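So you can see what is in the structure, the chains are spelled out below.
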Amino acid sequence: MSDDGDRHRLRDAEHVLHGPEGSGGWRQLLYVIYVLALLAGLYGFTTVRGLVEVLGPTWRAQGLVGPIEVGSAVLLVVVLVLGHLAGRRRGPVTPDLPWIEHVVASSVDRRLTLRDAWRLPATGFGAGGAVVGGVLGAALWGGGAAGPATAVVGVVGGLATGLLLAVLWLAGQVVSDPAVERRSSGAAVAVALRPQVALRALGLEGLRAHSARSSRLGGAVLAGDPRAMRLEAASPVRRGRSLRLRSRGRERTLLARDVLGMRRQPLLLVGGLALVVPGSALAAWSLAGWSAPVAGLVVGVLLAQLGGGLWCEGLRLLGDTLGAPRLLGGSVDQEALAHSALPVGLSVLAGAVGAVPVTLVAGGSLLGAALVVLVLALTTTAAQWVAAFRVGPPTLTLVPEAGPPLLVLWWAWPLLLGVLVGTLTLAFPGPVAVLALGALAMLARRSLQRAAVAHRD
């Protein structure tokens, strides 16, 4: 059938499913972009410009502009790679299952049936990148760090980055599709640069898998079920399948299990190192060298918290299986402490690699570096206790008016708690630090006890 005939049949199907006004997907996307642009212009621009005006002269005087630019470029590359890897589990082209079964599976050109499913996320990524890039460029201009051309460069660069991220996301879906001949990531990117070819290459089996996984991920997020979300987002384990776990006593066996899990998922180890090392270095530099350390300290603690959380799979597994019998005996407290050994050890080693050289270069003491490393390791692990052993979200998250913001806060509050306590402890050593660490430790233990009781009930 001709292309015009396919378009006519597609319009008929859309009219039957959504009525004369269509699905409303484009209207929802435009509203989201409008809200993003409004918030970024009001709050993001003001905040970034203030940081540039306050910290810019100090950064230039200390020669930090170059390292910051290099770090930003590295972070951008990491985000692009993660976008490609995420596409292998959940790609951008995920129409509803009924649409796949009754429209995509028909004789209508697949490029047409999947067109909106691709254009919506691609447009969202491009517009979001343009907004973020424009705000950063305008903030640099407003803060006196660059000329007016920076705003234009920011918009164009942000748009290009957003579209590139969408293409790499699509390339990940192409690589994972069973209907596509086995190809390398580079070849998949070349195909994704021609979206029409990529959409025609996607098979029904792969589309069903990605769409169903997308629905389950959305349901897990709305239900506040971390375990279901992790099971859907995790990639299949393909490394270390021949390795076996042997009994070494209760605590050592649990530690060996966590080490085995890290060997089977080496990306968790690499990703944690990529975040903890620069995070601890930034926190140490903030305390030892900067005249305005709070902003750098907060960012450093945040990076360390994010990286250390990748090494806490053992704690999360314990939180998921608290209702099961303890096969190795002992209490849940002992098991939680055993699962904490690996993340604490890795955090100390990675933190020392980042904090010690930077502290010495900045003229600080080794005692200060040791304090940074120890505080980051302990606060990260304690915050992960809170995250791994939290019970279900509050019932107010089911209220349509207040539910989404409360659900986001419920998801993020262990991370925010760890960043807050870590920053306070490092910035105000003394009674404030002792109180903050003690409160976090008590909250972590209380979370474990509440979760254990909830599972028994």
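### Considering the overall build of the protein chain
And step 1. Scanning the protein chain for helices and strands turns up 19 helices and zero strands.
And step 2. The buried share of the protein chain, taken over its 457 residues, is 38%.
And step 3. For the protein chain, contacts bridging at least 24 residues in sequence account for 76% of all contacts bridging at least 6.
And step 4. Carbon and sulfur atoms provide 68% of the accessible area of the protein chain, an area that totals close to 23900 Å².

### Quick notes on the nonpolar core
And step 1. Counting residues in hydrophobic clusters, the biggest one holds 25 residues, and the most contacted among them are Val-93, Leu-114, Trp-118, Leu-170, Val-174, Leu-202 and Leu-207.
And step 2. Of all the elements in the fold, those that place two or more residues in this core are α4 (97-104), α6 (115-142), α7 (149-176), α8 (185-192) and α9 (195-201).
And step 3. Considering each element in turn, this core owes the most residues, six residues, to α7.
And step 4. Within the second largest apolar cluster, 19 residues are counted, among which are Leu-315, Leu-318, Ala-336 and Ala-452.

### Here we look at the packing of helix α12 (residues 250-264) against helix α13 (residues 266-288)
And step 1. At a closest axis distance of 4 Å, the pairing of α12 and α13 adopts a crossing angle of 90 degrees. Relative to α13, the element α12 is oriented roughly perpendicular. Contacts from Met-262, Arg-263 and Arg-264 of α12 reach α13 at Pro-266, Leu-268 and Leu-269.
And step 2. Looking at side-chain class alone, the contact of α12 with α13 contains four nonpolar, no polar and two charged residues.

### Re the packing of aromatic side chains
And step 1. Enumeration according to the criterion identifies three aromatic pairs in this entry.
And step 2. Ring centres of Tyr-31 and Tyr-34 lie 6.5 Å apart, and the angle between their planes is 40 degrees; on these two criteria the pair is classed as tilted. Here Tyr-31 and its partner Tyr-34 are both found in helix α2 (residues 25-61), three residues apart, which amounts to about one turn of the helix. Across the pair, exposure class does not vary: Tyr-31 and Tyr-34 are exposed alike.
And step 3. With a centroid separation of 5.3 Å and 45 degrees between ring planes, the pair formed by Phe-125 and Trp-169 is classed as tilted. Placement of Phe-125 in helix α6 and of Trp-169 in helix α7 is noted, with a sequence separation of 44 residues between them.
And step 4. The class for Phe-125 is partly exposed, based on a relative accessible area of 29%.

### As for empty space enclosed by the protein
And step 1. What the rule picks out here adds up to one cavity of 30 Å³ or more.
And step 2. Looking at the largest cavity, its volume works out to about 50 Å³.
And step 3. Along the walls of the largest cavity sit Val-276, Ser-280, Ala-304, Gly-308, Ser-347, Gly-351, Val-373, Leu-376, Ala-377 and Thr-380, which together make up its complete lining.
And step 4. Sorting the residues of the lining of the largest cavity by element identifies α13, α14 (294-309), α16 (332-361) and α17 (366-388) as the ones contributing at least two each.
And step 5. Ranked by the residues each element gives to the lining of the largest cavity, the list is headed by α17, at four residues.
And step 6. A class-by-class count of the residues in the lining of the largest cavity yields five nonpolar, five polar and no charged.

### Focus: the pattern of salt bridges
Pairs may arise between side chains of opposite charge once their charged atoms sit close together.
And step 1. On inspection of all chains with the given rule, the structure shows four salt bridges.
And step 2. One salt bridge in this structure joins Arg-208 and Glu-101, with 2.5 Å as the shortest N-O distance. Separated by 107 residues along the polypeptide, Arg-208 in helix α10 (residues 204-223) and Glu-101 in helix α4 bring together distant segments of the chain.
And step 3. For Arg-208, a relative accessible area of 30% puts it in the partly exposed group.
And step 4. A residue is classified by how much of its surface remains accessible, and Glu-101, at 36% relative accessible area, is partly exposed.

### Observations concerning the packing of α14 against α17
And step 1. Packing of α14 against α17 brings their axes to within 9 Å, and their N-to-C directions diverge by 55 degrees. Taken as axis vectors, α14 and α17 run oblique relative to one another. Judged by the sense of rotation from one axis to the other, the crossing of α14 with α17 is right-handed. On α17, the residues touching Val-301, Ala-304, Gln-305, Gly-308 and Gly-309 of α14 are Leu-376, Thr-379, Thr-380, Ala-383 and Gln-384.
And step 2. Here the contact of α14 with α17 is built from residues that sort into four nonpolar, six polar and no charged.

### Things to note about a nonpolar patch on the surface
And step 1. A cluster of nonpolar side chains, namely Val-70, Val-74, Val-77, Val-78, Val-81, Leu-82, Leu-85 and Leu-267, defines an oily patch on the protein surface of about 690 Å² accessible area.
And step 2. Of all the elements, helix α3 (residues 65-89) adds the most residues to the nonpolar patch, at seven residues.
And step 3. You can see Leu-85 is positioned in helix α3.
And step 4. The exposure class of Leu-85 is partly exposed, given its relative accessible area of 32%.

Reading the values: the criteria
Residues numbered from 1 in each chain as written. Predicted model: local features only at pLDDT ≥ 70, side-chain atom pairs only at ≥ 80, totals over all residues. Heavy atoms only, no water. Helix = DSSP H or I, 4+ residues; strand = E, 2+ residues; numbered from the N terminus. Buried < 20%, exposed > 50% of the residue type's maximum accessible area, 1.4 Å probe, protein only. Contact = heavy atoms within 4.5 Å. Areas by Shrake-Rupley, 256 points an atom, 1.4 Å probe, with all protein chains shown as cover. Core = buried A, V, L, I, M, F, W, Y, C linked by side-chain atoms within 4.5 Å. Axes fitted to C-alpha atoms, helices over the stretch in contact; angles between N-to-C directions. Parallel < 35°, antiparallel > 145°, perpendicular 65-115°, else oblique. Nonpolar A, V, L, I, M, F, W, Y, C, P; charged D, E, K, R; others polar. Phe/Tyr/Trp six-rings, centres within 6.5 Å; stacked < 30°, edge-to-face > 60°. 1 Å grid on protein atoms, 1.4 Å probe; cavity = no way out; pocket = protein on both sides within 12 Å on 5 of 7 lines; lining within 4 Å. Points joined across faces, edges and corners; volume = space filled by probe spheres on them. Salt bridge = Lys/Arg side-chain N within 4 Å of Asp/Glu carboxyl O. Left-handed = near helix turned anticlockwise from the far one by under 90°. Patch = residues over 30% accessible without salt bridge, like charges linked within 9 Å, V, L, I, M, F, W, Y side chains within 5 Å.

Function cannot be inferred from these measures alone, as they are strictly geometric.
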